[in-house]
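Now for the letters of each chain:
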Amino acid sequence: IGLAAPSQGDSASEMAMVGSRPVYLPDAAAKKPVPVYRGGRLSATNKITGPAIIELANTSIFVPTEFDLNTDRVGSFVLCQKNAPQDLRVRFGFQ
């Protein structure tokens, strides 16, 4: 398992990344470093590939390995399973 990386050329995602934290990943049966992002620094249409952690002032979101997270234009976070049907992914802004 490699580290999740911001989408190519996604400077907002890169600026939101603040480091990594060891997290137990069941599919790897081991602790692995997982990137940590400041949720308040993510902007609309950012895509974060799991595994990742999104930190906010009052909560944290864990993005599992088999999911992606997108931010929408109103600041909501949407998780979508990577193998979800394409029409569902497009409906929620995942390309």
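In case you missed it, the structure is sitting above this.
Residues numbered from 1 in each chain as written. Predicted model: local features only at pLDDT ≥ 70, side-chain atom pairs only at ≥ 80, totals over all residues. Heavy atoms only, no water.

**Let's talk about the overall build of the protein**
- When its secondary structure is counted, the protein shows two helices and seven strands.
- Each helix and strand of the protein, placed in order from N terminus to C terminus, yields the pattern α-β-β-β-β-β-β-β-α.
- Relative to its 95 residues, the protein shows a buried fraction of 34%.
- Taking as baseline every contact in the protein between residues at least 6 positions apart, the subset at least 24 positions apart corresponds to 31%.
- Just so you have it, the protein exposes about 5600 Å², and 53% of that area is on carbon and sulfur atoms. (Helix = DSSP H or I, 4+ residues; strand = E, 2+ residues; numbered from the N terminus. Buried < 20%, exposed > 50% of the residue type's maximum accessible area, 1.4 Å probe, protein only. Contact = heavy atoms within 4.5 Å. Areas by Shrake-Rupley, 256 points an atom, 1.4 Å probe, with all protein chains shown as cover.)

**Side note on the sheet that holds strand E5 (residues 60-63)**
- What the four strands build is an open sheet, ordered E1-E2-E4-E5; its pairing is mixed. Either end of the sheet is taken by a strand with one partner, and the two such strands are strand E1 (17-25) and E5. With direction set aside, neighbouring strand axes in the sheet form an average angle of 30°.
- Sheet topology note: the E1/strand E2 (residues 30-38) ladder contains eight bridges and is antiparallel. Directly across from Pro22, in E2, lies its bridge partner Pro33. (Pairing = 2+ DSSP bridges. Axes fitted to C-alpha atoms, helices over the stretch in contact; angles between N-to-C directions.)

**A few points about the sheet that holds strand E3 (residues 47-49)**
- The sheet built from three strands is open, its strands ordered E3-E6-E7 with antiparallel pairing. The sheet terminates laterally at E3 and strand E7 (77-81), the two strands that pair on one side only. Direction aside, neighbouring strands of the sheet carry axes that sit 25° apart on average.
- As judged from the three bridges shared by E3 and strand E6 (residues 67-71), these two strands associate in the antiparallel manner. Bridge pairing in E6 places Ile48 opposite Leu69.

**Side note on the pairing of E7**
- As judged from the five bridges shared by E6 and E7, these two strands associate in the antiparallel manner. Bridged to Thr71 within E7 is Phe77.
- With antiparallel pairing between neighbouring strands as the criterion, E6 and E7 make up a hairpin whose turn holds five residues, including Gly75 at a positive phi of roughly 90°.

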